[in-house]
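Below are the chains, spelled out letter by letter.
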Amino acid sequence: MDATLFFQTLVNGLQLGVVFVLIALGLTLVFSIMHIINFAHGEFYMLGGYALFYFFAQFGVNYFVAIVISMLLVGLIAVLIERGVFRPLRDFPLRALVASLALVMLLQGAGLLGFGPEDRGVPAVVTGTLALGGTIFAKERLMVMGIAGLLVVLLYLFLHRMKLGWAMRAVAQEKEAAALQGISVNRTSAIAFGLGCALAAGAGALAAPMFYIHPFMGSMPVMKAFVVIILGGLGSIPGAVAGGLILGLVESFGTTFAGGVVSSMLSFLILILVLIIRPTGLFGHE
Amino acid sequence: MLLSLKDVKVHYGRVEALKGVSLEAEEGAIVGLLGANGAGKSTVLRAISGLKALTTGEIWFRGERIDGASPQSIVSKGIALVPEGRKLFPFMTVRENLRLGAYLRKDRSQINKDLKEIMEHFPILEERKGQQAGRLSGGEQQMLSIGRALMSKPTLLLMDEPSLGLSPLMVTEIANIIVDINKGGVSIVLVEQNARLALSLAHKGYVLETGNVVLEGDAQELIDNEHVKKAYLGG
Ligand SMILES: Nc1ncnc2c1ncn2[C@@H]1O[C@H](COP(=O)(O)OP(=O)(O)O)[C@@H](O)[C@H]1O
Ligand SMILES: [Mg+2]
């Protein structure tokens, strides 16, 4: 393989990887606080894509502003869903899991009714390429990578520097003790769920100009995000980052060498291997 | 009276864990709450802290009724719990655990002073301040759990079996700490299976059996009581 192809595949893999990281971070955040795997996480990604489609492509709002609006809007919807669906099921993780499956169908149906079944395209935000040492990169991919990377850093700073972030980590580690320090578990869970879904929406908004938007676009990314958080370790933030980048690279190199089907199979083969060999993942603890 | 429970009943599902418990804690005192495993001691503390709702009954603290209030609001009124099993934030550092104890406080500079003071009081915590709480030994974890509770500046400290699982040497150290905290003006409700320890520290004691208070009195009275001797002090 020549160097140009290698670097292009590498950058594609990293770009794909940071989007996986964003989706997986939301999923892992929700898991660590609420102890449920939210199967409907992909539908928040879908909603983020549509929000971007409407605000950016239809209403002509600035792209970056449209991303922020998508995240806020979807985050808000998520907070309401936490109140209405997941809070009453707090002490029943299995029921909450089933409810999240129901939510997949509900939100996909709502998407179908509300947005229509046709594929929607979002125009490219930046066009053109950048030549670096003989390798040519699409500027759009570099921008997506930059924004996703920035969101990951902001999340890290939020969790470690802001009082609310401390509260989230405390609730994730020892719920009752968090309440005893004066942290509202209800409020913190709602905000964490909103934040996690807003990250999925951000990923959907970032992916929108590169892929078509449709009501079922969330199914595959959420599966990939499962692979990521199981690979990295359930509930682990560094794990989600490492797992996402690894999966992005595996898929990118896999696609280049063996085609899309094999590369996708490879991801799920990794999932099964991790479950058998190291069920706690790369960074997980029991 | 600083704290009083009046005819408190608590259920877990259909099981009645507290069957009408009344008890009182005077300002400045250490009150011991004794009883065998499953007697309802932790449930009493959980009810006071707002973690467990009452079925009926009342809890009063400093002339205010507090049953039904959220754990947050109860901490803010000046009641802190050192829970059974320590319940630290295992992946946070010692310092972060202590800092979280002051979660509701806004007086930043005073918080830092208190943090220093607690580290001076527990030199081992100072030494380990950057380590994850989950990696401490049992005794160190107990000190951290106590330190974290003190960071909220409580008037009343509830302690749930602080001696559990510790070496005899460590138990003595924790006992000294409890006395020190009390001398510093904090009232204490001390739950213990180790009746000897509890009665040696407490001014007043209650004996709980299957959800009922069966005996109460000054610590010395309880030490001399035949039933207590037989059932709790090993003859
Ligand atoms: N979460 C719970 N669910 C059901 N029953 C409980 C729960 N916690 C405690 N109990 C029951 O309530 C009674 C009192 O328990 P507890 O207050 O923990 O006793 P102690 O602290 O004195 O050992 C016991 O019979 C126990 O089995
Ligand atoms: Mg107990």
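Rules used throughout
Residues numbered from 1 in each chain as written. Chains lettered and ligands numbered in written order. Predicted model: local features only at pLDDT ≥ 70, side-chain atom pairs only at ≥ 80, totals over all residues. Heavy atoms only, no water. pLDDT = per-residue confidence, 0-100. Domains from an automatic or database assignment. Contact = heavy atoms within 4.5 Å. Buried area = accessible area lost by both parts, 1.4 Å probe. Salt bridge = Lys/Arg side-chain N within 4 Å of Asp/Glu carboxyl O. Polar contact = N/O pair within 3.5 Å; in protein donor to acceptor, adjacent residues only side chain to side chain. Pairing = 2+ DSSP bridges. Helix = DSSP H or I, 4+ residues; strand = E, 2+ residues; numbered from the N terminus. Axes fitted to C-alpha atoms, helices over the stretch in contact; angles between N-to-C directions. Buried < 20%, exposed > 50% of the residue type's maximum accessible area, 1.4 Å probe, protein only. Parallel < 35°, antiparallel > 145°, perpendicular 65-115°, else oblique. Left-handed = near helix turned anticlockwise from the far one by under 90°. Nonpolar A, V, L, I, M, F, W, Y, C, P; charged D, E, K, R; others polar.

## Some thoughts on the confidence of the model for chain B
Overall, the predicted model of chain B reaches an average pLDDT of 96, with 100% of residues at or above 70. For this predicted complex, the interface score ipTM comes out at 0.94, alongside a pTM of 0.92.

## Thoughts on the domain arrangement of chain B
Put simply, an interface is often sized by how much accessible area is lost when its parts join up. Residue and element names in this part refer to chain B. According to the domain assignment, chain B consists of domain 1 (1–78 + 155–235) and domain 2 (86–153). With centres defined by C-alpha atoms, the gap from domain 1 to domain 2 works out at 23 Å. Residue-level contacts link 16 residues of domain 1 with 14 residues of domain 2. Between domain 1 and domain 2, a total of about 1,000 Å² is buried, with carbon and sulfur atoms accounting for 78% of that surface. Linking domain 1 with domain 2 are 0 salt bridges. At the junction of domain 1 with domain 2, the criterion picks out 1 residue pair in polar contact (both at pLDDT 80 or more).

## Quick notes on the sheet that holds strand S2 (residues 15–25) of chain B
Residues and elements named next belong to chain B. Taken in spatial order, the 4 strands make up an open sheet running S2-S1-S4-S5, and their pairing is antiparallel. Each edge of the open sheet carries a strand with a single partner, namely S2 and strand S5 (64–65). Strands strand S1 (3–12), S2 and strand S4 (56–61) of the sheet are contacted by helix H1 (residues 41–49), whose axis makes an angle of about 110° with S1.

## As for the side chain of serine 4 of chain B
All names here are of chain B. Tracing the backbone through its elements, the reader meets serine 4 in strand S1. In this structure serine 4 comes out as buried when scored by relative accessible area, which is 7%. Leave out the neighbours within four places in its chain, and serine 4 touches Leu23, Glu24, Glu58, Ile59 and Trp60.

## Some details on the packing of helix H3 (residues 63–86) of chain A against helix H4 (residues 93–115) of chain A
Residues and elements named next belong to chain A. Where H3 meets H4, the axes come as close as 11 Å, and the angle between the chain directions of the two elements is 130°. With respect to H4, the axis of H3 lies oblique. Both H3 and H4 take part in a crossing whose hand is right-handed. Here Ile81, Val85 and Phe86 of H3 come into contact with H4, specifically with Ala96, Ala99, Ser100 and Leu103. Class assignment for the residues of the contact of H3 with H4 results in 6 nonpolar, 1 polar and no charged.

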